[in-house]
Amino acid sequence: MDAMTATVEISAREAEVLTLVGEHLSNAEIAARLFISVRTVESHVSSLLRKLEVSDRRALAQHASAPARPDRSSRPPVLPVPLTSFIGRVPERAELGELLRNHRQVTSVGPGGVGKTRLALAVAAEAADEFSDGVWFVDLVPITSPDTCVVAGTVAVALGIGEQPGRGMDDSVVAALSDRHALLVLDNCEHVRDGVAPFIERLLAACPRLTVLATSRARLMVPFERVYTVPPMSLTGEGDSDAVALFMDRAAAGGWPPNHALRDQVSAFCGRLDGVALAIELAAARWTTLGLDGLTAGLTDQLRMLSGGARAEDRHRSVRAALDWSHALLEPEDRVLLRRISVFSKSFSAEAAAKVAAADRAVVADGLARLVEQSLLVVTAAPTGTEYRALETIRQYGTEQLAEAGELQDTRSRHLLWCLDAGADLAEVGADWRPRFDAVADDLRVAMAWAGEQPQQRAQAHRLARCLAESTFTRHLLGESQWRFEQAGALADDPAVTATMLRHAAAVAGCQMNGDDMYRLHRAAGDAARAARDSGGAAVDLATAVSNAYRFSSKFVRDLPTQEADALIDEARELAGTDPAAQAAVALAEAGRALTVAFAAGADSEDVVRETIACAEHAVELAHRTGDPLAESAALDTLTGAQSWAGDTFAAAATARRRMTLLKSAPDTPAGTHEVIEALGEATEASLGAGDLRGARKWARRLADHPLLAEVGHRAMSALLVADALSGNIDEIDTASERFLEAWQRAGSPARSVLGPAAAGVAMIHALREDDAVQAQWDAIVRRLDSSPANTSGYGAVFDVMTLLHFGQARDAFERAAPEPGEVWISVTWVWLHWYVALRAEAAVLARDSEAADRVTEARATVAGNPVVAAIVERAQALLDADETRLLAMAALFDAAGCRYQWARTLVLAGGEEAVRGAAVLAELGLAPMVRVAL
């Protein structure tokens, strides 16, 4: 932090937030890093902007990352801190560093234990200043699948990137690194080379300023790859070599430094180990108990036993010799313990080790301590107590020993049972749930991978897959959650359970905004239900597949063909019989079809409107009888759409509120979560359409704060931005729009029309500020998001008219809203009808149109009962009548409704002293002076 920051009073938490802003983390990423809410982060950012007197987040980030010293301008590298010192390797560091400066992808290649990782960490730390956007380290050891998406997910976790609904992890990582000048270190690639290679190739193509340093036992065979073969520790110089220096340093750590006179003998000993760093370190750890002669004798025996042996690959022979020798020096009970704990993927406690090793806890604790002393385990202090971890090479060695001893099956089975117990403990979600899950997640995944291939473990594998599905949903890893639910369904022996799992998977797909998967999974659930002889359940699934296609059409890539939808509804009706839930589901599908057909045809006759609403109300009635709040909520959703389409704005708002009340009892399941998120968005929009701005902000705030949307700020903030733009909450716009834009760009800038109103609202605010450059940027975003008539004639017209009227361009505003509401019905039928007709009337009055009085009268009839929009119409009437008293009464109504901008605008229109007061409020809001049109 620079000197200027030091003079400002900043809290400890604000300092943490400032540092992470300087690292270009999003508010959601900062919240996840500090375990606080996104809203709290937003509050801290706003406070920092004020305290540090900077204009925006970009300036705040520059302030945060200002160099503490003239010689350092880049961010500190995000690298693991080695527990021991790095010895020697001066030529290798220089050579590898030079390759990184001249090539975008370097693979450090060598046998296991040669020191690839330590060398990569040292070189990456030295090169950190050359990468302005940082250095990031990703350990691929825990991965068991070579799938590119799994590789990308591991990289995303290291970078602090969350999953984007509707996008793969690989897309999210590419988007996050697309403009970063950074170094990405991918460690231990050999076992997932098939996934790493295409992932790196895509990164290099899409991220022109990114450099990748990989470590692997074999080259990756990707374009642009430059291979650097890591040699063993230097043996030249005899007693002064790097190998000797490493041995002497590690041996001295045991409290008995070797005599300097033994350096030449140590050099010969290291030569027998081929200069392999891991072998040297393991040998040095035994120095205090065996001495050099004991080490030499033991190593000689082991090397002779393994030399040229058929069971050892050439690239493993040196390290395996050292490991076999070290293993042979263990007491028999410690050998058993070492191989049995090798099934743990990450850190583990003594209690966990005792369960998996099938031994007494006290005995295991003593054995673990001995293994730590012999450098075969690393011990760490964790919040929950002492934990142990085996280095990967040693863990793999232990697994081989386990197989040779014929104990692999039994030990894996005990590890599976331990994982099931650990998963069961995760059922209770508390403040420490996330770190508890992260601590065991890799072990659960490894156990699942093994159990899924064991026919005799099918039932246990199903349990674990379901546990992982539920836990990853809670952890907001939606892609994995959907996959695990499908996996659990495939492993279930009972087709009824399979159907349930597939329904959960469909709901998770909905949370990801993946409508096509929702459809596929409900169809599959229907097949499973039929196999279980559950005709009613099958009917519900088939009908739900159709109704979802109507309800969530914006989430689908493929439109559901009419013929296909009709066939599914007919089939569901035949299967439904007298089952109440099935009948309700079929009625909902029929209501969705009726509304979709009527909307597409533009039919607005009283008979069609009445029949469509009656169909939706029938679906609601049947769903209510089932007692299922989710089924009733879905039916209310369709009823809300029908009422809005019919022009009954207030009925639509009332139904949306009824839906929110109903969902207070919604289950905490994927389906319940999906329904709540969708209902919050609908409640916000319905409230905006009815002029309940405070209610709209309440629902929008709840949506923005929903934990499932923490990583998708564009979706989370969309409704809130619209509410704030219409309410005139200018102070809230900057923070919310920054989160929206950052998340949208990180998601790959998807063209989603549902985001158009939010972007248009932000563009209007910048237009009112006369911030032309920023307004142009947001206008471009609107065009990318939505080119539909809704942009042209719906919300786009509303925000444009508000801007034009602010600057006194009444004639232009009048022409912008020239089409009759009936001509642009589809564009204004939901949120925008009342706003459109009211602003259209005001524009006519200020433009002195001859039919202005008729427009005001027509608008009054349309918006009657809408507190905010009706006040705009009455303001237009007051302007037409030059009634200052009435204008001031409307100003009071706007103030009471929480519509600050319209309140200030009305004061300016009133003229006189009130105009001065209104102008001051506009200036306080940061808006340009309003031009008052004289009538």
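Residues numbered from 1 in each chain as written. Predicted model: local features only at pLDDT ≥ 70, side-chain atom pairs only at ≥ 80, totals over all residues. Heavy atoms only, no water.

Visitor: Can you lay out the overall build of the chain for me, pointing to particular residues and giving the numbers?
Guide: Scanning the chain from N- to C-terminus turns up 46 helices and seven strands. Principal axes of the C-alpha set define a box for the chain whose edges measure 110 × 75 × 50 Å. The 935 residues of the chain split such that 55% are buried. Residue pairs in contact within the chain that sit at least 24 positions apart in sequence constitute 68% of those at least 6 positions apart. Accessible surface computed for the chain: about 38,000 Å², of which carbon and sulfur atoms make up 52%. Positive and negative side-chain charges in the chain, numbering 92 and 126 respectively, have mean positions lying 3 Å apart. (Helix = DSSP H or I, 4+ residues; strand = E, 2+ residues; numbered from the N terminus. Buried < 20%, exposed > 50% of the residue type's maximum accessible area, 1.4 Å probe, protein only. Contact = heavy atoms within 4.5 Å. Areas by Shrake-Rupley, 256 points an atom, 1.4 Å probe, with all protein chains shown as cover. Lys, Arg positive; Asp, Glu negative; His and termini not counted. Charge placed at Lys NZ, Arg CZ, Asp CG, Glu CD.)

Visitor: Could you give an account of the side chain of threonine 684, with specific residues and numbers?
Guide: Here threonine 684 is to be found in helix H32 (residues 670-690). Its relative accessible area of 0% is what places threonine 684 among the buried residues. Among the polar contacts listed, one links the side chain of threonine 684 to the backbone oxygen of leucine 680, at a separation of 2.9 Å. With residues near it in sequence (within four places) discarded, threonine 684 still touches Ala696, Trp699, Ala700 and Ala719. (Polar contact = N/O pair within 3.5 Å; in protein donor to acceptor, adjacent residues only side chain to side chain.)

Visitor: Break down helix H10 (residues 193-206) for me, citing the residues and quoting the values.
Guide: Its 14 residues give H10 an end-to-end C-alpha distance of 20 Å, which sits within 8% of 20 Å, the value for a rise of 1.5 Å per residue. Of all the residues in H10, the buried ones are Gly195, Val196, Ala197, Phe199, Ile200, Leu203 and Leu204. On its buried side, H10 packs onto strand S1 (105-109), helix H8 (148-159), helix H9 (169-177), strand S3 (182-187) and strand S4 (210-216). (Expected span 1.5 Å × (residues − 1).)

Visitor: Hey, could you go over the pattern of salt bridges for me, with residue numbers and the actual values?
Guide: Applying the stated criterion across every chain, the model contains 53 salt bridges. Among the salt bridges present, the one from arginine 370 reaches aspartate 334, with a minimum N-O distance of 2.7 Å. Taken as a pair, arginine 370 in helix H18 (residues 361-373) and aspartate 334 in helix H16 (residues 332-341) lie far apart in primary sequence, 36 residues in all. Taken together, the shared-partner salt bridges in this structure form one network comprising Lys346, Asp442, Arg445, Glu480 and Arg484. (Salt bridge = Lys/Arg side-chain N within 4 Å of Asp/Glu carboxyl O.)

Visitor: I'd like to hear about the packing of aromatic side chains, residue by residue, with values.
Guide: Overall, the coordinates contain eight aromatic pairs when judged by the stated rule. Consider the rings of phenylalanine 247 and phenylalanine 269, whose centres lie 5.8 Å apart with planes at 70°: the pair is edge-to-face. Here phenylalanine 247, found in helix H11 (residues 242-252), pairs with phenylalanine 269, found in helix H12 (residues 263-272); they are 22 residues apart in sequence, far enough to count as distant. Of the two residues examined, phenylalanine 247 and phenylalanine 269, each falls in the buried class. The interplanar angle of 50° and the centroid separation of 6.3 Å between the aromatic rings of tyrosine 795 and tryptophan 832 together place this pair among those described as tilted. With tyrosine 795 in helix H38 (residues 789-806) and tryptophan 832 in the loop between helix H40 (825-828) and helix H41 (833-846), this pair connects stretches of sequence that are 37 residues apart. On the accessibility criterion, tryptophan 832 (6% relative accessible area) is buried. Taking the ring centre of tryptophan 483 as reference, the NZ or CZ of arginine 484 above it sits at 4.2 Å. Over the ring of tryptophan 699 we find lysine 698, and its NZ or CZ is 4.1 Å from the ring centre. (Phe/Tyr/Trp six-rings, centres within 6.5 Å; stacked < 30°, edge-to-face > 60°. Lys NZ or Arg CZ within 6 Å of the ring centre and 35° of its normal.)

Visitor: Go over the environment of alanine 439, please, and point to the residues and values.
Guide: Inspection of the secondary structure assignment puts alanine 439 in helix H21 (residues 433-451). When its relative accessible area of 40% is taken as the criterion, alanine 439 is described as partly exposed. As a C-alpha pair, alanine 439 and phenylalanine 348 span 91 residues in sequence and 8.8 Å in three-dimensional space.

Visitor: Describe in detail H41, supporting the description with residues and values.
Guide: Count 3.6 residues to each turn of an α-helix, and residues three or four apart come out pointing the same way. Relative to the 20 Å expected for 14 residues at 1.5 Å per residue, H41 spans 20 Å between its end C-alpha atoms, a close match to the ideal helical length. Counting buried positions along H41 gives 14 out of 14 residues, so the element sits mostly inside the fold. A positive backbone phi angle near 60° is found at arginine 848, which sits one or two residues after H41.

Visitor: Describe in detail the sheet that holds strand S5 (residues 225-229), supporting the description with residues and values.
Guide: Taken in spatial order, the five strands line up as S2-S3-S4-S1-S5 in an open sheet, and their pairing is parallel. Unpaired on one side and paired on the other, strand S2 (135-139) and S5 mark the two borders of the sheet. For this sheet the average axis-to-axis angle between neighbouring strands, irrespective of direction, equals 20°. Note: S2 against S3, five bridges, orientation parallel. If you follow valine 135 over to S3, its bridge partner there is leucine 183. (Pairing = 2+ DSSP bridges. Axes fitted to C-alpha atoms, helices over the stretch in contact; angles between N-to-C directions.)

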